[in-house]
Amino acid sequence: MIDKNKWYNRYIVGYLLIFIPPLGLYGVYKSETIPLHWKIATYVALALAVIAGVLVYVF
């Protein structure tokens, strides 16, 4: 039986994404309750933020 009471299956993942992003991203990755399209949207937003940061730093 799968225990769905893990920390990454609760609302805390959203707060972790804001305050401690690496831990929040791990929570999104491990979560069994977040739908796949939201996981993909989160990773795309992260990639765009990294690319934008690099572009701002370079130029």
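Rules of the game
- Residues numbered from 1 in each chain as written.
- Predicted model: local features only at pLDDT ≥ 70, side-chain atom pairs only at ≥ 80, totals over all residues.
- Heavy atoms only, no water.
- Helix = DSSP H or I, 4+ residues; strand = E, 2+ residues; numbered from the N terminus.
- Rg over C-alpha atoms; globule rule 2.2 N^0.38 Å.
- Contact = heavy atoms within 4.5 Å.
- Areas by Shrake-Rupley, 256 points an atom, 1.4 Å probe, with all protein chains shown as cover.
- Patch = residues over 30% accessible without salt bridge, like charges linked within 9 Å, V, L, I, M, F, W, Y side chains within 5 Å.
- Salt bridge = Lys/Arg side-chain N within 4 Å of Asp/Glu carboxyl O.
- Buried < 20%, exposed > 50% of the residue type's maximum accessible area, 1.4 Å probe, protein only.
- Phe/Tyr/Trp six-rings, centres within 6.5 Å; stacked < 30°, edge-to-face > 60°.
- Arc of directions from axis to C-beta.
- Axes fitted to C-alpha atoms, helices over the stretch in contact; angles between N-to-C directions.
- Left-handed = near helix turned anticlockwise from the far one by under 90°.
- Nonpolar A, V, L, I, M, F, W, Y, C, P; charged D, E, K, R; others polar.

A.B. asks: An account of the overall build of the protein is needed here, citing residue identities and associated values.
C.D. replies: Secondary structure assignment for the protein yields three helices and zero strands. Starting at the N terminus, the α and β elements of the protein follow one another as α-α-α. Against the 2.2 N^0.38 benchmark of 10 Å for 59 residues, the protein shows a C-alpha radius of gyration of 14 Å, more extended than a compact globule. Nonlocal contacts in the protein, meaning residues at least 24 apart in sequence, comprise 12% of its contacts between residues at least 6 apart. Working note: accessible area of the protein is about 4,900 Å², and carbon and sulfur atoms make up 73% of it.

A.B. asks: How would you explain a nonpolar patch on the surface if you had to name every residue and give the values?
C.D. replies: Where nonpolar side chains cluster on the molecular surface, the patch consists of Leu-36, Ile-40, Val-44, Leu-46, Leu-48, Val-50, Ile-51, Val-54, Leu-55, Tyr-57, Val-58 and Phe-59 and spans about 1,300 Å² of accessible area. Structurally, the position occupied by Phe-59 is in the segment after α3 (36–58). The class of Phe-59 is exposed, set by a relative accessible area of 80%.

A.B. asks: Got a sec to walk through the packing of aromatic side chains? Specific residues and values, please.
C.D. replies: Summed over the entire model, instances satisfying the criterion amount to three aromatic pairs. Taken together, the ring pairs connect Trp-7, Tyr-8 and Tyr-26 into an aromatic cluster.

A.B. asks: Can you explain helix α2 (residues 21–30)? Please cite residues and give values.
C.D. replies: Of all the positions in α2, only Gly-24, Leu-25, Gly-27 and Val-28 are classed as buried. In an axial view of α2, the angular spread of the buried residues amounts to 155°, which keeps them on one side of the axis. The outward face of α2, more than 90 degrees from its buried face, is lined by the exposed residues Pro-22 and Tyr-29. Where α2 is buried, its residues touch α1 (12–19) and α3.

A.B. asks: With reference to specific residues and values, describe the packing of α1 against α2.
C.D. replies: In the contact formed by α1 and α2, the axes pass within 6 Å of each other and the chain directions differ by 145°. Relative to α2, the crossing made by α1 is left-handed. Of the residues in α2, those touching α1 at Val-13, Leu-16, Leu-17, Ile-18 and Phe-19 are Pro-21, Leu-23, Gly-24, Leu-25, Gly-27 and Val-28. Of the residues contributing to the contact of α1 with α2, the split by class is nine nonpolar, two polar and no charged.

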